[in-house]
Each structure stands twice: as structure tokens, then as C-alpha cells.
Amino acid sequence: MAGAYDDRDGWIWVDGAMVPWREAKVHVLTHALHYASSVFEGERCYDGTIFKSRAHSERLIASAKAIDIPLQYSVDEIEAAKAATLEKNGLKDAYVRPVVWRGSGPDMGVASAKNPVHMAVAVWEWGAYYGDAKFKGAKLDISAWKRPSPETIPCHAKASGLYMICTMSKHAAEAKGCSDALMFDYRGYVAEATGANVFFVKDGKVHTPTPDCFLNGLTRQTVIGMLKERGVEVIERHIMPDEMESFEQCWLTGTAAEVTPVGQIGDYNFEVGALTRTIAEDYEKLVRGKL
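Conventions used here
Residues numbered from 1 in each chain as written. Predicted model: local features only at pLDDT ≥ 70, side-chain atom pairs only at ≥ 80, totals over all residues. Heavy atoms only, no water. Helix = DSSP H or I, 4+ residues; strand = E, 2+ residues; numbered from the N terminus. Expected span 1.5 Å × (residues − 1). Buried < 20%, exposed > 50% of the residue type's maximum accessible area, 1.4 Å probe, protein only. Arc of directions from axis to C-beta. Core = buried A, V, L, I, M, F, W, Y, C linked by side-chain atoms within 4.5 Å. Contact = heavy atoms within 4.5 Å. Axes fitted to C-alpha atoms, helices over the stretch in contact; angles between N-to-C directions. Parallel < 35°, antiparallel > 145°, perpendicular 65-115°, else oblique. Left-handed = near helix turned anticlockwise from the far one by under 90°. Salt bridge = Lys/Arg side-chain N within 4 Å of Asp/Glu carboxyl O. Phe/Tyr/Trp six-rings, centres within 6.5 Å; stacked < 30°, edge-to-face > 60°. Lys NZ or Arg CZ within 6 Å of the ring centre and 35° of its normal.

Draft legend 1. Here's a closer look at helix H3 (residues 75-89). Between the first and last C-alpha of H3 there are 21 Å, a value that for 15 residues agrees with the 21 Å anticipated at 1.5 Å per step. If you check which residues of H3 are buried, you get Val 75, Ile 78, Glu 79, Ala 81, Lys 82, Thr 85, Leu 86 and Asn 89. Buried residues in H3, looked at end-on, bunch into an arc of 160°, giving them a common side. Opposite its buried face, H3 presents the exposed residues Asp 76 and Glu 87, each directed more than 90 degrees away.

Here is the structure:
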């Protein structure tokens, strides 16, 4: 499958029905298009099994609730929709994108309680998120935008509107020849990349930012568990930007990113060291049921 995402062969599950890929459309006055009343998940299917599938479905429901969208599907129903979409498209290794949104209806202002809620599931083949960065280490810019205070956004929801500054940050980074951007939070602490959590290594210990104003990723949680099983001390704490000078290794985690080594963030450089490679390899084995 190749080409623009609106012009492909295949099927997309929409509100309980399989719709030909090119016909899976919404009206221009869809509320989510104007006011970001939408939540989504990003998942990967390996050898026919979606990694942490139920946890993703549970988070989709929680995200919808967090932004006041009454999603009528249960975890089991979402699971069935994902499985059916993969089967219909004949894919065993794929990226899986469930999305829930407020559609067009009687409301076209900020409020949208009268508008119908829709859900869709799309699946497609998607390779490494950062290309060859898995081998040589990704290069990151430092974003001019900061993750907002949890008093201003539902920071633990995977909500579409929260990604606006991520898109802007990544565009600016790519214009500088970088793969992504590291974002600080509203207090000035290191937070995350635009779509992935960040880890650092120093003296055999792993340091990672406390997810108190950004998403505590499922891959992040998985990797922390893997490190602890290996006897590696993991320290979750607030990290100041100038501390990056003393860190030896760095990597990103996320469903799309998986475990991606980082070679540079701004003026700070890191080696793609043994622990980084080990965790990346262990994660690859884990998601394919070989660990």
C-alpha cells in the first residue's frame, strides 16, 4: 500500500460497517475538524497480534470520557472492530488507528452535546517511524513550545487537540534536518518528544521525566518494566535541560517509535550504547512474543 492516505485500496471500519478506503469520509462541518473534539490511539500489530491491545482500547475509552465524548463501544467491541479490520485488509504486521470524534449535527458552536459520536478503525503497513535512526541515533531539535500545565488541558488523554504544538514543533525540527523535537514542560523541565517519551542513561542508571503533565505512554511503562526486570535502576523525576550534558545515552519510546536511540538533542550528544541497544532488541523480541 502506498500513496496518499485518502487514495488507497483497502477497508476502514466506520461505525460498525466496513467501508471502502476511498469512501471513508466526513462532512466539512464535522465538529472535530473545527474544535478538535476527537481522541485516538496508535497501536502496532506484530505477527497478527496487537501489542497491549486491550490497554489501548481502555485508554481510548478513558480519553473520550476525559474530553466529554460518550463513547458507546465497550473494550470488547473495540477489540472486535480492530481484529475485523486487520482481517478484512489481510494484514498481520500493521499500524492500527482507532479514532473517535464528534460529527456534524445540530451544534456548530463550541458545544456539541447534540452531535453524534463516531468511531473508525484504519490499519496500514508502516515501517520504522524515524527511518534509519534505529541504527545511528535520531537527531532532535529543542522545541520552542512547551507542554502545558495539567490545569489547562486533560494532559493524560490522547486527544487530537493536544497535538497541535507537537505538529508545529516537528515541522520546525524537520526544517532543520532533525527527526523530531524534544519539548520542555511549562515549568522548564524536560518532558517528551512530539509523539514519544524520553529516557536517559548515566552511570548505569536510567532517568526519565515524571509524566505529570504529559501522556504516560504504554511503551514507556513497558520499557520501565523491562529495565527493572534486568535489575536496572529507573529513576522517574523532574529533569532540568542542562542535565542532558551529563547523560551518556538516550532513547525514545512510543508505539510508532518503538525504542529509538537518540544521538543528539540540540547541542547535547549521546552514544548509542549497550543498554540502549539491549532494550531496543528486547522490546523487539517482546512484541513478537519471543522474549
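Draft legend 2. The arrangement of the nonpolar core in detail. Grouped together as the largest cluster of nonpolar side chains are 23 residues, with contacts concentrated most on Leu 71, Leu 86, Val 96, Val 100, Met 119 and Val 121. Secondary structure elements with two or more residues in this core: helix H2 (53-66), H3, strand E6 (94-102) and strand E7 (117-124). Leaving out residues up to four positions away in the same chain, Val 100 has contacts with Ser 37, Ser 38, Val 39, Leu 60, Ile 69, Leu 71, Val 117, His 118 and Met 119.

Draft legend 3. Molecular detail of the packing of H2 against H3. The N-to-C vectors of H2 and H3 enclose an angle of 120°; their axes lie 9 Å apart at closest approach. By the angle between their axes, H2 is oblique relative to H3. Between H2 and H3 the crossing geometry is right-handed. Contacts from Ser 53, Arg 54, His 56, Ser 57, Glu 58, Leu 60 and Ile 61 in H2 reach Val 75, Asp 76, Ile 78, Glu 79 and Lys 82 in H3.

Draft legend 4. Summary view of the pattern of salt bridges. All chains considered together, the criterion is met by 17 salt bridges. One salt bridge in this structure joins Asp 141 and Lys 176, with 3.3 Å as the shortest N-O distance. With Asp 141 in strand E8 (residues 138-147) and Lys 176 in the loop between helix H5 (164-175) and strand E9 (180-185), this pair connects stretches of sequence that are 35 residues apart. By relative accessible area, Asp 141 is classed as buried at 10%. Its relative accessible area of 53% is what places Lys 176 among the exposed residues. With its nearest N and O atoms 2.6 Å apart, the salt bridge here joins Arg 237 to Glu 243. Given a relative accessible area of 23%, Arg 237 falls into the partly exposed group.

Draft legend 5. Structural detail: the packing of aromatic side chains. Applying the stated criterion across every chain yields a total of 10 aromatic pairs. With centroids separated by 5.8 Å and ring planes inclined at 85°, the aromatic side chains of Phe 51 and Tyr 283 adopt a geometry described as edge-to-face. Residue Phe 51 is found in the loop between strand E5 (49-50) and H2, and its partner Tyr 283 is found in helix H7 (residues 274-287); the two are separated by 232 residues along the sequence. Assessed through its relative accessible area of 17%, Phe 51 is described here as buried. Consider the rings of Phe 199 and Trp 251, whose centres lie 5.5 Å apart with planes at 15°: the pair is stacked. Residue Phe 199 is found in strand E11 (residues 197-202), and its partner Trp 251 is found in strand E14 (residues 249-254); the two are separated by 52 residues along the sequence. Look at Phe 199 and you get buried, because its relative accessible area is 0%. Here the aromatic residues Tyr 5, Tyr 95, Trp 124 and Trp 126 are joined through ring pairs into a cluster of three or more. The aromatic ring of Tyr 5 is capped on one face by Arg 8, whose charged end is 3.8 Å from the ring centroid. The ring of Trp 11 has Lys 88 lying over it, and the distance from NZ or CZ to the ring centre is 4.4 Å.

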